[in-house]
Amino acid sequence: MLAGIAALGCEFGEVTIPNADPIVVVQAVMRPDLPRQWVLVEQTLSGAAAVDSGAVVIPGDAPQLPVVGATVTVRNRSDAGDPCGTTVFVERPGDGPPESPGVYWSPVGCPSMGAGDTLELRVAAPSGAVTGTTVIPGVGAFVLGVGRDSVVMPGRRLELNRDVDTVFAEAVGATGRALQIEVRRPDVTGASAPGFWFVVDSTAITVPGNLPDFFTAFQEDTSTIPEEFPPVFAAGRYYAVTVAHGDERYFDFVRSGNIPPSGRGFINRLEGGLGVFASMIAATSDLRVVGSIDDAREGTYRLSGTLLGTPVDASLELYVATADADSTEASTFVSGSWLHGAIDESADGAFVGDSLALVIRQVLPGIADSVAALLVAGPVGPGIGRVGVYDPSLQLVDSLTLERP
Amino acid sequence: MGRRRTIILLLSFATTMPAIAVAQGRRDVTGTVRAERDSTPLEGVIVIERGTGTTVVTDAAGRFLIGDVSRLPTLITFTRIGVAPDSVLLAGDRDELTVYLRLAPISLPAITAEARPTARIRFEREAQPSIVSVDRETIARVPAPFESDVIRTVQLLPGTVALNDYTVGFNVRGGEPDQNLTQLDGTTIFNPSHLGGLFSTFDTDAVEEVDFITGAFPAEYGGRLSSVLDVSVRPGRRDRLGVRGHVSLLASRLLLEGPAGSRASWLVSARRTYADVLAGALTSEVFPYHFWDAVGKGSLRLGTGGTLSVTGYAGRDVLDWLWQAAKPGQEEIRLEGTWGNQVLGVRFDQPLGRRDRLTVDGGITGFSARFGLQPRIVEAENIARLLSARARLILVPHRAHEVRVGAGIEDYRMRYDAGSESFGSSFLRMRYAPQVWSAFAEDQWRAASWLFLRPGVRVEAVRGPDVVNIAPRLGVKAFLDRGLALTGSVGRYHQAIHSLRDQNLPWNIFDFWIGADSAIPVGRADHVVVGVEWWFGAAESLTLEAYRKTFTDIIDANLNEDPAVQGDEIVPVSGDAWGIDVLVRRHWGRVTGWIAYSLTKATRRNDRGEYPAVHDRRHTINVVVQAPGPFGSDLAARLGYGSPLPYTAFVGEWDHRTYRAATHSWDNFNREPIASDDLNSTRYPYYGRFDVSLRWEIQKWGGMLRPYVQVANMLNRRNVFLYFYDYTTAPATRSAISQLPLLPSVGLEFAF
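Chains are numbered independently. Their residues run from 1 in the order of the written sequence. Chain letters and ligand numbers both follow the written order, the letters beginning at A and the numbers at 1. Predicted model: local features are reported for residues with pLDDT of at least 70 only, side-chain atom pairs are reported and counted for 80 or more only, and whole-chain, interface and lining totals are derived from all residues.

Draft legend 1. Structural detail: the overall build of chain A. Secondary structure is summarised from DSSP: a helix means a run of H or I of at least four residues, a strand means a run of E of at least two, and numbering begins at the N terminus for each. Secondary structure assignment for chain A yields 3 helices and 25 strands. Each residue is classed by its C-beta neighbour count within 10 Å, where at least 20 other C-beta atoms makes it buried, 12 or fewer makes it exposed, and intermediate counts make it partly exposed; the C-beta atoms are placed from backbone geometry. Across the 405 residues in chain A, those meeting the buried criterion constitute 44%. Summarising the internal contacts of chain A: among those between residues at least 6 apart in sequence, 58% fall at separations of at least 24. This entry defines residue contacts through backbone-placed C-beta atoms, with two residues in contact when those atoms are within 7 Å.

See the structure below:
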């Protein structure tokens, strides 16, 4: 509706205005289930020139205005005998975590915190002090279920038929306020894609298997209205589901925001600055997502032969994801032996006419963050056929047999 | 002897005459004169009561009132240049009549008559200040975007401030929009707007008249702190079937009316926008919004001399947007919204004896809104419902007293639900159910020939907060001569329901009503009004009023409220307002219209201090002129000026990030503006607007066609709607979004 009004009116009269007084922005979530904490200290955008901080941890687009030289401390107010005492967070810990202006790291294991403890933050920045508190939430167990099957998280991988099933998650025995669920692809094929994310004011949540990912589309670009929403779950893929329980401060932070017409609405629980000092605990389990077989091209395939001198024999469990007039997207589980040894990944591809193209990625054993990607493409039909294998520069490197049992 | 007997008989007859006259009684006769052809009201018709020679003239709505008429059958004559003269014998048991006159070029002998518009008669007979009536013809001619609009016209009267062109909400004498009681034939309407406030719900063709009371309203009115907007639906024709219609660029509407037997009449009217239909027919685009409304009225004259009328209204705004078509394994995604009012009111009106009268109203009114992102992703619903009943008895025990007593009950239910079936989660659940029992008594006392006093009191018992509020009221009018009077009123007012809105938002799709309970207070306001009303011509009047208002326990939305807690959704606010309203008006003639000026200062206080109200506009001027125009047209123009309104400036932006528990990292963010803590400490530029309309009247096919052209914001002034700030650049910048640009439109009215 606001867009309609804006369409009636017109934008005019751009003028420069004086810079505003910057406000310190602190955003930090303490995690008792993780060994190391960090606090992000920035300042509001006030018309000052952007700083090329070389930040590697602060996410988001430029400009970023990190606050450097602040003194950041966290104290457990509920534990007088806390061996950590007042924990000092530093910008340059020098023992592993990525260093970046505006990011302050705690020592490993500090501050100590348990369910119900109250932590107290103090950020002494050059422009003033910011303080806040959080009460550590407690959770007896996180439970993840599909249909009648459930696990205490982290637990074994569950199988979800996205066309039939609903995922449920629960924080049992929880003290806190906000239940957050995150869904992302954990394997090398989908790790870079943004994941689904949602928060409810409850200790339990359900997510239908066929739910469109309405929310991630909006988070990627808040300035335009997305026209397409991908599914949260697509068949033929692995997903990691993280369930987290946050405290009251986190709930206020995540449920509110300053809206554009008024500049008001965010519930700020910090003193002297803006942002959040909250706490949360979380657990993660995996899902193997399948779907109903309702397309003739869906089903099991066998990809075998010799690839660059290495015998390979992989089973494909292929599902059609989305279809339009030109192409049909598909995903498949790939398991068996592949170029660099055993493989258990998902792969994405597309049908164009009767031809299938799949990009199969495999983590290189023993080499950190290295992935080998090969394109397998060729006609798909009943019986046995030959498909080409291409390297990332689309040079044909070999061919394999694709068989549909 | 015979002579003595004759004298005795004559004396006996003479002494019994007053008794006979008293037994026959006196009455006020009201009526409407319309054109037989198309039912349009006829202005300037001379109405003569032949018995006494009392002569009045109909106003722009065709109405007249003859006071103190005998209960004997009375001959009433109607004459005007251009109509065939006619006479009606009014039965002794009738107080109201509608006359249809045939248009005819007939010459009349010269008649000297004193023109007395209804407003003048009200001036002479009522103590109520701060009331302005606007009839249908005036509303229809005031230029407005696309088509005439009842509330757009009201926004041009003194004492009102409209925040911008995009809302029919308005602030009266420093009050909030939710403090205006809007009624349709006596039944409350919760949200009288379409398209998020761009248009009001009232169908101009069906409206008889609008009474707008901007302050110190009488004891019979309760439930709001600032104003009463009483919209009456006209009864249908009693002589034949009538058809009226209106086609504009926005919508089309059709009205049918006619008699039902000899005692009853009916009227139905419906309207629908068609941008969605046209977009679908002419382009490949989809326009997913439309609204419709319909109003109807049935009137039955009872054998007892009373009337029974039923008024109904229904309207819906519909948003239905197919966001994404269904795909294999994925249902379609659809954004749905529907909201609107439903009103059903019944009124029984019965004269009792000489001048006494009983009126009983019953009504049910509801507003419902439902929004959903389907399939089952998010759904929200709001329902507000009011059941009301009230009775009012007007007693005239003596010519110097008109006593009004009455009682009523208002039973409110409001509920809000939001949640997601998909996520198995409820986000919001709120319930409010105040119930208001009220009683009032008021006496309009003509203490002297030059002095009216109107003492009154209203008592309201509110279940929910469980309080009993007493609201004394007093009105005074002192005539310095026949056309000049000093007026004064004081009163206390209470309001048991509130609209939950962030006052800093320039625009609301509709009001979110909540009711008083143990945590939400009943709002209170005290009014003091002094003024002068001067009739300086047969049709010209000047009203000047100064006022002071205080507000206690009015509310603002608590932006920090917890959705799981009911009772924390408001923060208490108090306030003050004072000002001066001036209205110079020409009521009838070739050139009619008004000049309205308002001086206002309105402040609010919360726990952080005092600040200007968002509608604290110091000066507002509206000039409305309706006159013969070029090319045989009727011209109407509106010139408006508003001094700068306050707003809260932005002092920066921040990156409100998203925390990812899986990776213990902050993800992409929403960049959000930050408003200053100093509320409403900055002001927009002044507001200016000039609207013009031309309309022609063509006799065709036995009916009347009235094409029109109108231009809103003819000077294309860029009035600021709101500012956008960009603090990501160095230096920071600010740009504006304008209100309505130059907006021409055409349309056609017809009547048969």
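Draft legend 2. Highlighting the overall build of chain B. Counting secondary structure elements, chain B contains 5 helices and 49 strands. If one aligns the C-alpha atoms of chain B with their principal axes, the spans along those axes are about 125 × 60 × 50 Å. Looking at the 752 residues of chain B, the share that counts as buried comes to 47%. In chain B, of all internal contacts separated by at least 6 residues, the share reaching a separation of at least 24 is 60%.

Draft legend 3. Representation of the sheet that holds strand β4 (residues 63-70) of chain B in the model. Residue and element names in this part refer to chain B. The rule for pairing is simple: two strands pair if DSSP sees at least two bridges between them. Strand order in the open sheet formed by 3 strands is β4-β1-β7, and the pairing between neighbours is mixed. Across the chains shown, the open sheet's two edge strands, defined by having one partner strand only, are β4 and β7 (96-101). On average, adjacent strands in this sheet sit at an angle of 25° to one another, irrespective of strand direction. Bridging between strand β1 (residues 26-35) and β7 involves 6 bridges; their strand directions are parallel. What sits directly across from T30, in β7, is E96. Orientation is described by lines fitted to C-alpha atoms, with helices fitted over the stretch in contact, and by angles between N-to-C directions that extend from 0 to 180 degrees.

Draft legend 4. Molecular detail of the confidence of the model for chain A. Per-residue pLDDT for chain A has a mean of 87; in total, 88% of the residues score no lower than 70. Taken element by element, chain A is modelled with least confidence in helix α1 (residues 2-8) of chain A, mean pLDDT 51, and with most confidence in strand β9 (residues 141-146) of chain A, mean pLDDT 98. On a scale of 0 to 100, pLDDT captures the predictor's confidence in every residue.

Draft legend 5. Representation of the nonpolar core within the structure. All names here are of chain A. Counting residues in hydrophobic clusters, the biggest one holds 117 residues, and the most contacted among them are V26, V41, V241 and V243. Counting residues per element, this core draws most heavily on strand β17 (residues 274-290), which supplies 11 residues. Not counting residues within four places of it along the chain, the set of residues in contact with V243 comprises F142, L144, M153, A169, A171, I181, A282 and A283. Here, a nonpolar core denotes buried Ala, Val, Leu, Ile, Met, Phe, Trp, Tyr and Cys residues that are linked to one another through C-beta atoms within 7 Å.

Draft legend 6. A look at helix α3 (residues 248-255) of chain A. All names here are of chain A. Along α3, 6 of the 8 residues are buried, which leaves the element largely enclosed by surrounding structure. By the burial criterion, the buried members of α3 are R249, Y250, F251, D252, F253 and V254. Among the structural elements, β2 (24-30), β8 (128-135), β13 (178-184), β14 (196-200), β16 (237-246) and β17 are those in contact with the buried residues of α3.

Draft legend 7. Expanded view of the pairing of strand β4 (residues 71-76) of chain A. Residues and elements named next belong to chain A. Side chains of β4 alternate between two faces, with V72, V74 and N76 buried and T71, T73 and R75 left unburied. For β4 and strand β7 (residues 118-125), the ladder comprises 6 bridges, and the chain directions are antiparallel. Across the sheet, residue V72 finds its bridge partner in β7, namely V123. Bridge count for β4 against strand β5 (residues 87-89) is 3 bridges, and the pairing is antiparallel. Bridge assignment links V74 to a residue of β5, and that residue is T87.

Draft legend 8. Here's a closer look at the environment of S449 of chain B. Looking at where S449 of chain B falls in the secondary structure, it is placed in the loop between β27 (435-448) and β28 (451-463). Residues S449 of chain B and A400 of chain B, spaced 49 residues apart in sequence, show a C-alpha to C-alpha distance of 9.1 Å.

Draft legend 9. Examining the environment of G523 of chain B more closely. All names here are of chain B. Here G523 shows up in strand β33 (residues 523-535). Note on G523: 26 C-beta atoms within 10 Å, which makes it buried. Along the backbone, G523 and I554 are 31 residues apart, and their C-alpha atoms lie at a distance of 4.9 Å.

Draft legend 10. Geometry of unusual backbone geometry. Residues and elements named next belong to chain B. Here the bond from Q374 into P375 is cis, since omega is 10°, no more than 30 degrees from zero. Relative to the elements of secondary structure, P375 occurs in the loop between β23 (356-374) and β24 (378-398). With omega at 0°, the peptide bond leading from A730 into P731 counts as cis. Note that P731 resides in the loop between β47 (720-726) and β48 (733-738). A positive phi angle, near 50°, is found at A216, a position not held by glycine. With respect to the helices, strands and loops of the structure, A216 is situated in the loop between β15 (207-213) and β16 (227-233).

Draft legend 11. The arrangement of helix α2 (residues 118-125) of chain B in detail. Of the positions making up α2 of chain B, those classed as buried are T118, A119, R120 and F123 of chain B. On the buried face of α2 of chain B, the contacting elements are β4, β8 (131-135), β33 and β34 (540-557) of chain B.

Draft legend 12. Structural view of the interface of chain B and chain A. If you look at the interface, chain B gives 68 residues, while chain A gives 78 residues. Breaking the side of chain B that touches chain A down by element, the ones donating at least two residues are β26 (425-432), β41 (650-660), β42 (665-675), β47 and β48 of chain B. For the side of chain B that touches chain A, the element with the highest residue contribution is β41 of chain B, accounting for 11 residues. Amino acids are sorted into nonpolar (Ala, Val, Leu, Ile, Met, Phe, Trp, Tyr, Cys and Pro), charged (Asp, Glu, Lys and Arg) and polar (every other residue, Gly among them). Looking at the side of chain B that touches chain A residue by residue, the class counts come to 35 nonpolar, 22 polar and 11 charged. In this structure, strand β1 (residues 11-16) of chain A lies alongside β48 of chain B, joined through 4 bridges in antiparallel fashion.

Draft legend 13. The sheet that holds β1 of chain A, seen in detail. Overall, antiparallel pairing links the 3 strands, which are arranged β1(A)-β48(B)-β47(B) in an open sheet. Edge strands, defined here as strands with exactly one partner in the open sheet, are β1 of chain A together with β47 of chain B. Within this sheet the neighbouring strands show an average axis-to-axis angle of 25°, counted without direction. With 6 bridges joining them, β47 of chain B and β48 of chain B adopt antiparallel strand pairing. From the neighbouring strand, Y723 of chain B faces β48 of chain B, where its bridge partner is A736 of chain B.

Draft legend 14. Structural context of the environment of V172 of chain B. Residues and elements named next belong to chain B. By secondary structure assignment, the location of V172 is in strand β10 (residues 171-172). On the basis of neighbour counts, which here come to 32 C-beta atoms within 10 Å, the residue V172 falls in the buried class. In sequence terms V172 and E332 are 160 residues apart; their C-alpha atoms lie 46 Å from each other. Sequence-distant contacts of V172, defined by excluding residues within four places in its chain, comprise G159, T160, N180, T214, S226 and S227.

Draft legend 15. Structural context of the pairing of β24 of chain B. All names here are of chain B. As paired strands, β23 and β24 are joined by 17 bridges and run antiparallel to one another. Counterpart to S368 in the pairing with β24 is I383. Counted between consecutive antiparallel strands, the loop separating β23 from β24 contains 3 residues, among which R376 sits at a positive phi close to 60°. In this sheet, strand β25 (residues 401-420) lies alongside β24 in antiparallel orientation, the contact comprising 18 bridges. The residue bridging S388 from the neighbouring strand is E410, located in β25. Linking two consecutive strands that pair antiparallel, namely β24 and β25, is a turn of 2 residues.

Draft legend 16. Inspection of the confidence of the model for chain B at higher detail. All names here are of chain B. Confidence in the prediction of chain B, expressed as mean pLDDT, is 89, and 95% of residues score 70 or more. Confidence, expressed as mean pLDDT per element, reaches its minimum in chain B at helix α1 (residues 2-24) with 40 and its maximum at β28 with 97. In this model residues 110-115 is a low-confidence stretch, pLDDT under 50, and it forms 9 contacts with partners more than four residues away in sequence or in other chains. Here the complex is predicted with pTM 0.86, and the ipTM for its interfaces comes to 0.92.

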